Amino acid sequence: MTSGYGSEVELRRGLVRFGRGLSRLGFMPGTSGNLSVRLDEERILATPTGRSKALLRSDEMVVVDPEGRQLAGSLRVTSEIGMHLAIYRMRPDAIAVIHSHPPIATGFACSGRPLDEPLCSEAVMTLGVVPLAPYATTGTDDLAASLEPLIPEHSAILLANHGAVTFGGDLLDAYLKMETVEHFAHICLVAHQLGSRRPLEGRAVDQLREARERYLANVH
Ligand SMILES: [Zn+2]
């Protein structure tokens, strides 16, 4: 079946491919992390709960409606589907959502620190500020609620004491943002360890923000 976002076969393969990629990066250890993508206006394809994303097969994916009711698939959908659905509800431009536990970015999230210091010019341009959502128990409605104030203005968010979520115009876009969040966190960590970090200043940050606006205008 073909949707406006790609054929279902391709999207199932995409979840497998990017799940494996994130596993290889060490962002989805054990059975953690989850991915989803819109099939059409009424259906979302998502990874099931309790499975290693390194071993997942395309026929094990689950289809849910925008309220999270399961429409297809023999396994149960990820228990963290609520945060994906909140993003799809609030951001019609979000076609794919990825949640993972990249170790350095999660270290920042476990230390109560957003990635908001303008240390690295490309990160300011591509990600902007990566805010920190307050702690909420995984698998509950509180998790989606903790993200809601941040969803309209951001497409990469840290989850306190938990991990990170990114979303974008397709699975590749969400994947690249997740990779960039971890890379930026790594650079911030090294800059802090070196002890003499030099954040970019006002005019440089303004210019990068303007470049970001132009970049986003071209993407959409
Ligand atoms: Zn998680």
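These numbers come from a predicted model, not from an experiment.

**Student:** Break down the coordination of the zinc ion for me, with residues and values.
**Tutor:** Six octahedrally arranged donors around a metal ideally form angles of 90 or 180 degrees; four tetrahedrally arranged donors ideally form angles of 109.5 degrees. Protein ligation of the zinc ion involves Glu80 (OE), His99 (NE2), His101 (NE2) and His162 (NE2), the donor distances falling in the range 2.0 to 2.6 Å. Given four donor atoms and angles of 81 to 172 degrees at the metal, the environment of the zinc ion is assigned as irregular. In primary-sequence terms, the residues that donate to the zinc ion follow E-x18-H-x1-H-x60-H. Highlighted residues: Glu80 in the loop between strand 6 (70-72) and helix 2 (81-90) and His162 in the loop between strand 9 (156-159) and strand 10 (163-168), separated in sequence by 82 residues. In this pair, the class of Glu80 matches that of His162, namely buried.

**Student:** Which residues make up the side chain of Arg212, and what values go with them?
**Tutor:** Within the secondary structure layout, Arg212 lies in helix 7 (residues 202-219). Buried charge Arg212 goes without a salt bridge, the closest partner of opposite sign being Glu213 at 5.5 Å. In contact with Arg212, not counting residues within four places along its chain, are Val124, Met125, Thr126, Leu127 and Gly128.

**Student:** Give me the lowdown on the environment of Ala123, citing residues and values where you can.
**Tutor:** In this structure, Ala123 sits in helix 4 (residues 121-126). A sequence separation of 99 residues divides Ala123 from Arg24, and the C-alpha atoms of the two residues are 23 Å apart. Apart from residues lying up to four places away in sequence, Ala123 is in contact with Gly128 and Phe184.

**Student:** Before we move on, could you go through the sheet that holds strand 9 and cite the residues and values that matter?
**Tutor:** As a general point, the strands of a sheet are linked pairwise by backbone hydrogen bonds and lie either parallel or antiparallel. Strand order across the open sheet formed by eight strands is 6-5-4-3-7-10-9-8, with mixed pairing between neighbours. For this open sheet the edge positions go to strand 6 and strand 8 (132-133), each flanked by a neighbour on one side alone. Along the sheet, helix 1 (residues 8-24) makes contact with strand 3 (34-40), strand 4 (43-46), strand 5 (62-64) and strand 7 (96-100), crossing strand 3 at roughly 165 degrees.

**Student:** Outline the pairing of strand 9, listing residues and values.
**Tutor:** Here strand 9 shows a buried face lined by Ala156 and Leu158 and a second buried face lined by Ile157 and Leu159. Pairing of strand 8 with strand 9 involves two bridges; the strand directions are parallel. Along strand 9, the bridge assignment pairs Leu132 with Leu158. With helix 5 (residues 141-147) bridging strand 8 and its parallel neighbour strand 9, the resulting β-α-β unit is right-handed. Here strand 9 runs beside strand 10; their pairing, made up of four bridges, is antiparallel. Pairing of Leu158 across the sheet is with Ala164, part of strand 10. Between the antiparallel neighbours strand 9 and strand 10 lie three residues, among them Asn161 with a positive phi of about 55 degrees.

**Student:** Which residues make up the pattern of salt bridges, and what are the values?
**Tutor:** Applying the stated criterion across every chain yields a total of eleven salt bridges. For the salt bridge of Arg12 with Glu8, the shortest nitrogen-to-oxygen distance reads 3.0 Å. Residue Arg12 and its partner Glu8 are both found in helix 1; the two are separated by four residues, about one turn of the helix. For Glu8, a relative accessible area of 15% puts it in the buried group.

Rules behind the numbers
Residues numbered from 1 in each chain as written. Predicted model: local features only at pLDDT ≥ 70, side-chain atom pairs only at ≥ 80, totals over all residues. Heavy atoms only, no water. Donors = N, O, S within 2.8 Å, 3.2 Å for Na, K, Ca; no water. Tetrahedral: all angles 85-135°; square planar, octahedral: opposite > 155°, others 65-115°. Helix = DSSP H or I, 4+ residues; strand = E, 2+ residues; numbered from the N terminus. Buried < 20%, exposed > 50% of the residue type's maximum accessible area, 1.4 Å probe, protein only. Lys, Arg positive; Asp, Glu negative; His and termini not counted. Salt bridge = Lys/Arg side-chain N within 4 Å of Asp/Glu carboxyl O. Contact = heavy atoms within 4.5 Å. Pairing = 2+ DSSP bridges. Axes fitted to C-alpha atoms, helices over the stretch in contact; angles between N-to-C directions. Right-handed = clockwise from strand over helix to strand, strands pointing away.

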